[in-house]
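# Observations on the model geometry
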Amino acid sequence: MIRTQRPAAGVCALLAALAAGIAFPGQAVADETTQAAPKVELVLDVSGSMRTADIDGGTRMAAAKQAFNEVLDATPEGVQLGIRTLGADYRGNDRKEGCKDTAQLYPVGTLDRTEAKTAVATLSPTGWTPIGPALLKAADDLQGGDGTRRIVLISDGEDTCQPLDPCEVAREIAAKGVGLTIDTLGLVPDAKTRDQLSCIADATGGTYTSVQHKEELTDRVGQLVDRAADPVVTPVATEGTGQCSSAPALKSGLYTDREEFGQQRWYKVDVKPGQELRASVSVAADRAVNSDYGVLLRAVTVHGREIVRGEASGLGRTDVISTGLRYPKAESDDDEDTTPETVCLQVTNSFSAAAGVKTSPGLPVELTVDVVDGPSQASDVASFGLGRGWWLLGALVLTGFLAGLLWGWVSRWRVAVWRTN
């Protein structure tokens, strides 16, 4: 049996090598730099509705406390964690005062688990649900430093402090380019709560999760805290222009920008002979948009001649739409000629705003630029066959043929031994 598995193992090894070449090309899209200490703030709704007993036979508040205690025990070393509440102190009926009721229960910094748990034990459901004001304060709590910053918002109801729309607050935070992500969790949410929390998360590239059980809450909050500790590539804020001549010059990396509805943005990239430009763009629909939309990414010369394009379109509601392109610059006949060609990248969208939706700030745009050695270079996976399909097909056919011969020989040998015995 072991002998018959060896050919299959050889094929798997070949495919694994190909996959490794795809996943880890010779040059990465963007270099990861040494990360500063990540910061996370847990923002918990402590309004009166958290007394409701509908999570595994206990109250929502009890489930949140248990989750916080378990997450505090498992928080990775080096993560600076804080806790903020909304609706925990004011017990009156004055809406103006109730909408100011947000406080930092435990400051963002090096975690003292005993002290943090003691603070969590004091929580008691009280008043209003000022989500918008709490997000603004939490963003201030996380200021400073270059590490990842994440807000984890846990709530069981809608914001009660309109007209300060928490979705607009999240968009304003994202528009500042501070690299802050807001993840939201809804405790046994109704449709309106779910829509609002989803909107908040979408605005900053975060996630929304509906929670019905204590274990779900503990697991999800723990995952989000752990995620903050993972190394990430921080996008570089840039600002495209209305024409190529004045566009910013970009190198390999990850960039973020804002684009108005129906607007076009231009960027420039220098590509030397023998190099290949790989670019992709994602536009996030962080608010309600009309159906029938698309995103176009074009590479053109400085004289306006189109080289290559990538486009994508969709219908209905989506969070992100993406497209990409590749442009190999041929080797020069003159080996000493390394004069780069300036390639203009144009990003255009056909999104349109739904009735009553604000068009400013623009839609979030994430642009990836990668300039690598062309397919003829050994360091590029394309030279092994992905850029020239016949090489890959030939390698797979030959491998399959040899594996078949070996399998047949082993099978005949086993049959002969069986007959002899």
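The structure displayed is predicted, hence computed values, not measured ones.

Here we take up the overall build of the chain. The helix and strand tally for the chain stands at nine helices and 16 strands. Here the chain holds 421 residues, and the buried ones make up 45% of them. Of the contacts made within the chain by residues no fewer than 6 positions apart, 75% connect residues no fewer than 24 positions apart. With the model as given, the accessible surface of the chain reaches about 21100 Å², and the carbon-plus-sulfur share is 53%.

In terms of burial, strand β15 (residues 341–349) is largely enclosed, as eight of its nine residues are buried. Of the strand pairs in this sheet, strand β10 (residues 264–271) and β15 are connected by eight bridges, and their pairing is antiparallel. Following the sheet pairing, K268 is matched in β15 by C344. Summarising the sheet, strand β12 (residues 293–300) and β15 pair through six bridges and their orientation is antiparallel. Residue pairing across strands places V300 opposite C344, the latter belonging to β15.

The strand order across the open sheet built from six strands is β3-β2-β1-β4-β5-β6, with neighbouring strands paired in mixed fashion. Lying at the two open borders of the sheet, with one neighbouring strand each, are β3 (102–109) and β6 (208–211). Shown here is a sheet whose adjacent strand axes are inclined to one another by a mean of 15 degrees, direction ignored.

Confidence along the chain averages 82 in pLDDT terms, with 84% of residues attaining 70 or more. Note on residues 1–33: pLDDT under 50 across the span, and 38 contacts to partners over four residues away in sequence or across chains. This model gives residues 377–388 a pLDDT under 50, and the stretch forms 28 contacts once residues within four places in sequence are excluded.

A few words on the sheet that holds strand β11 (residues 275–284). Spatial ordering of the open sheet is given by β7-β9-β16-β11-β14, a layout of five strands whose pairing is mixed. The sheet is open, and its two borders are formed by β7 (236–237) and β14 (320–328), each paired with just one other strand. When β11 meets strand β16 (residues 363–373), the two strands line up antiparallel, connected through nine bridges. In the strand pairing of β16, V283 is matched with V365.

The next subject is the nonpolar core. Ranked by internal contacts, the top residues of the largest apolar core, which has 32 residues, are L42, L44, I154, L185, L217, V221 and V225. Only β1 (39–45), α2 (60–74), β2 (80–86), α4 (113–121), β4 (149–155), β5 (180–187) and α8 (214–229) provide two or more residues apiece to this core. Top contributing element to this core by residue count: α2, with seven residues. The residues contacting V221, other than those within four sequence positions of it, are L42, V71, I154 and L185. Counting residues in hydrophobic clusters, the runner-up holds 28 residues, among them Y255, L277, V369 and V371.

Next up on the list: a nonpolar patch on the surface. A cluster of nonpolar residues, L398, F401, L402 and L405, forms a patch on the protein surface that exposes about 420 Å² of accessible area. Within the fold, F401 resides in helix α9 (residues 389–420).

The next thing to look at is the packing of aromatic side chains. For the structure on display, the rule yields one aromatic pair. Ring plane angle 10 degrees and centroid distance 4.8 Å describe the contact between Y293 and F351, whose orientation is recorded as stacked. Pair noted here: Y293 is in strand β12 and F351 is in the loop between β15 and β16, with a separation of 58 residues, a long-range link.

Criteria and thresholds
Residues numbered from 1 in each chain as written. Predicted model: local features only at pLDDT ≥ 70, side-chain atom pairs only at ≥ 80, totals over all residues. Heavy atoms only, no water. Helix = DSSP H or I, 4+ residues; strand = E, 2+ residues; numbered from the N terminus. Buried < 20%, exposed > 50% of the residue type's maximum accessible area, 1.4 Å probe, protein only. Contact = heavy atoms within 4.5 Å. Areas by Shrake-Rupley, 256 points an atom, 1.4 Å probe, with all protein chains shown as cover. Pairing = 2+ DSSP bridges. Axes fitted to C-alpha atoms, helices over the stretch in contact; angles between N-to-C directions. pLDDT = per-residue confidence, 0-100. Core = buried A, V, L, I, M, F, W, Y, C linked by side-chain atoms within 4.5 Å. Patch = residues over 30% accessible without salt bridge, like charges linked within 9 Å, V, L, I, M, F, W, Y side chains within 5 Å. Salt bridge = Lys/Arg side-chain N within 4 Å of Asp/Glu carboxyl O. Phe/Tyr/Trp six-rings, centres within 6.5 Å; stacked < 30°, edge-to-face > 60°.

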